[in-house]
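Architecture at a glance
Now for the letters of each chain:
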Amino acid sequence: MSKYNLDYLDELEAEAIHILREVAGQFEKPALLFSGGKDSITLVRLAEKAFRPGKFPFPLVHIDTGHNFEETITYRDEMVKRLDEKLIVGHVQKSIDEGKVVEQKGKNASRNSLQTITLLDTIHAHGFDACIGGARRDEEKARAKERIFSVRDEFGQWDPKRQRPELWNIYNGKIHKGENVRVFPISNWTELDVWNYIRREQVKLPSIYFAHNRDCIVRNGQLMAASPFLNMDEDDVVTNVKVRFRTVGDMSCTAAVESDADQIDDIIDEISASKISERGSRLDDKVSEAAMEDRKKGGYF
């Protein structure tokens, strides 16, 4: 089939598969960072298309805050079992126990930012030279600065001024010893592209992406799932609300949106009408204007 007969999802898929195969060809020890969210699930589907019937040329790596949604962990374990692929889990709790990071205090405490040290330790322990992630340029302005092959220095840090040019879909994976590359195969996708692809491919997702009733509190103007991981007090009123989650992360910083969308078609219609990005429901991105960029410079996803 010529490229002129491809629809836009076919073109996005072909680009992402090409990038995944470039990673397999250029690096000795790559890994696929898996969060249990729709973007990393999409990456797994693309990896199936890129490498089946063979095994993936990389393990899945999950950095576990210990404060995850139960539905996400259940999905992760069932998926790994179905795929028969290797899963490596880095635990933020281990970093806390070893004194490498300090648990945050206060009402808005979260473990989300603590993942960075755990991730860097996991990369070092396994010698990964490339980490594939599901970030997209439409998510947030710091994400938009990334190249598809984004070099991190020997300390795992990102310097946006050291970006390499990427012309004509040529990706430069050459790195010095100790450096690694973050690779973003779906950089050019939007949130709607991901959902349309999931619908086309009939990819199963964790149930929290679909409207359901859940006990919630209002925190900083947003609905948060009531859980033992939130520092709640007498001012927090728990109410049962019909919600869904547009993005998946640590329960202490991931807000829900009120919604009746319990089918993919309804979710796509809802997103099309929304004027707020999905990262608008992540409290950790609201710390400052440059919150995400500061974390990325320190080694975050």
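The structure presented is a predicted model; accordingly, all values stated were derived computationally and were not measured.

This next bit is on the packing of helix H2 (residues 38-51) against helix H3 (residues 70-83). Two numbers describe how H2 lies on H3: the axes approach to 13 Å, and their chain directions differ by 5°. Looking at the two axes, H2 sits roughly parallel to H3. Contacts from Ile41, Val44 and Glu48 of H2 reach H3 at Tyr75, Met79, Arg82 and Leu83.

Time to look at the sheet that holds strand S3 (residues 87-91). Strand order in this open sheet of six strands is S3-S2-S1-S4-S6-S5, and the pairing throughout is mixed. Each having just a single partner strand, S3 and strand S5 (149-152) make up the two edges of the open sheet. Neighbour-to-neighbour, the strand axes of this sheet turn through a mean angle of 30°, independent of strand direction. One ladder, built from three bridges, connects strand S4 (residues 130-132) with strand S6 (residues 180-183); its direction is parallel. Of the residues in S6, the one forming a bridge with cysteine 131 is arginine 182. This element, helix H1 (residues 8-26), spans strand S1 (30-33), S4, S5 and S6 of the sheet and lies at about 40° to S5.

Now for empty space enclosed by the protein. Per the stated rule, a full pass over the model turns up two cavities of 30 Å³ or more. What the second largest cavity holds in volume is close to 30 Å³. Considering only residue class, the lining of the second largest cavity consists of two nonpolar, two polar and three charged.

Further remarks concern the packing of aromatic side chains. The final tally for this structure, using the stated rule, is eight aromatic pairs. On the basis of an interplanar angle of 50° and a centroid distance of 5.8 Å, the ring pair of phenylalanine 27 and phenylalanine 149 is categorised as tilted. You can see phenylalanine 27 sitting in the loop between H1 and S1 and its partner phenylalanine 149 sitting in strand S5, a full 122 residues away along the chain. The class of phenylalanine 149 is buried, set by a relative accessible area of 2%. Among the aromatic residues, ring-to-ring pairing joins Phe27, Phe149 and Tyr171 into one connected group.

What follows concerns unusual backbone geometry. Omega for the bond connecting arginine 52 with proline 53 falls within 30 degrees of zero, at 15°, which places this linkage in the cis form. Looking at where proline 53 falls in the secondary structure, it is placed in the loop between H2 and strand S2 (60-64). Although it is not a glycine, aspartate 84 sits at a positive phi angle of roughly 55°. You can see aspartate 84 is positioned in the loop between H3 and S3. Classification of aspartate 84 by relative accessible area gives exposed; the value is 54%. Phi at asparagine 169 is positive, roughly 60°, even though this residue is not glycine.

We now examine helix H7 (residues 264-273). All of the buried residues along H7 are Ile264, Ile267, Ile268 and Ile271. Each buried residue of H7 lies within a common arc of 100° when the element is viewed along its axis, so the set occupies one face. Opposite the packed face of H7, turned more than 90 degrees from it, sit the exposed residues Asp269 and Ala273.

So, about the nonpolar core. In this structure, Leu46, Phe149 and Val183 are the most contacted members of the largest nonpolar core, which totals 58 residues. If near-sequence neighbours (up to four positions away) are discounted, leucine 46 is found in contact with Glu13, Ala16, Ile17, Leu20, Ile186, Trp189 and Tyr197. Membership of the second largest hydrophobic core comes to 13 residues, among which are Val61, Ile123, Phe128 and Cys131.

This brings us to the sheet that holds strand S8 (residues 222-225). Two pairing modes exist for strands in a sheet, parallel and antiparallel, and in both the strands are linked by backbone hydrogen bonds. Here we have four strands rolled up into a closed barrel, ordered S7-S8-S10-S9, and antiparallel in their pairing. Each strand of the sheet is rotated relative to its neighbour by a mean of 70°, with strand direction disregarded.

On to the packing of helix H6 (residues 191-201) against H7, then. It is the contact of H6 with H7, at a shortest axis distance of 10 Å, that shows an interaxial angle of 170°. By the angle between their axes, H6 is roughly antiparallel relative to H7. Judged by the sense of rotation from one axis to the other, the crossing of H6 with H7 is left-handed. For the pair H6 and H7, contact is made by Glu191, Leu192, Trp195, Asn196, Ile198 and Arg199 and by Ile264, Asp265, Ile267, Ile268, Ile271 and Ser272, respectively. Taken together, the residues that form the contact of H6 with H7 break down as seven nonpolar, two polar and three charged.

Conventions and cut-offs
Residues numbered from 1 in each chain as written. Predicted model: local features only at pLDDT ≥ 70, side-chain atom pairs only at ≥ 80, totals over all residues. Heavy atoms only, no water. Axes fitted to C-alpha atoms, helices over the stretch in contact; angles between N-to-C directions. Helix = DSSP H or I, 4+ residues; strand = E, 2+ residues; numbered from the N terminus. Parallel < 35°, antiparallel > 145°, perpendicular 65-115°, else oblique. Contact = heavy atoms within 4.5 Å. Pairing = 2+ DSSP bridges. 1 Å grid on protein atoms, 1.4 Å probe; cavity = no way out; pocket = protein on both sides within 12 Å on 5 of 7 lines; lining within 4 Å. Points joined across faces, edges and corners; volume = space filled by probe spheres on them. Nonpolar A, V, L, I, M, F, W, Y, C, P; charged D, E, K, R; others polar. Phe/Tyr/Trp six-rings, centres within 6.5 Å; stacked < 30°, edge-to-face > 60°. Buried < 20%, exposed > 50% of the residue type's maximum accessible area, 1.4 Å probe, protein only. Arc of directions from axis to C-beta. Core = buried A, V, L, I, M, F, W, Y, C linked by side-chain atoms within 4.5 Å. Left-handed = near helix turned anticlockwise from the far one by under 90°.

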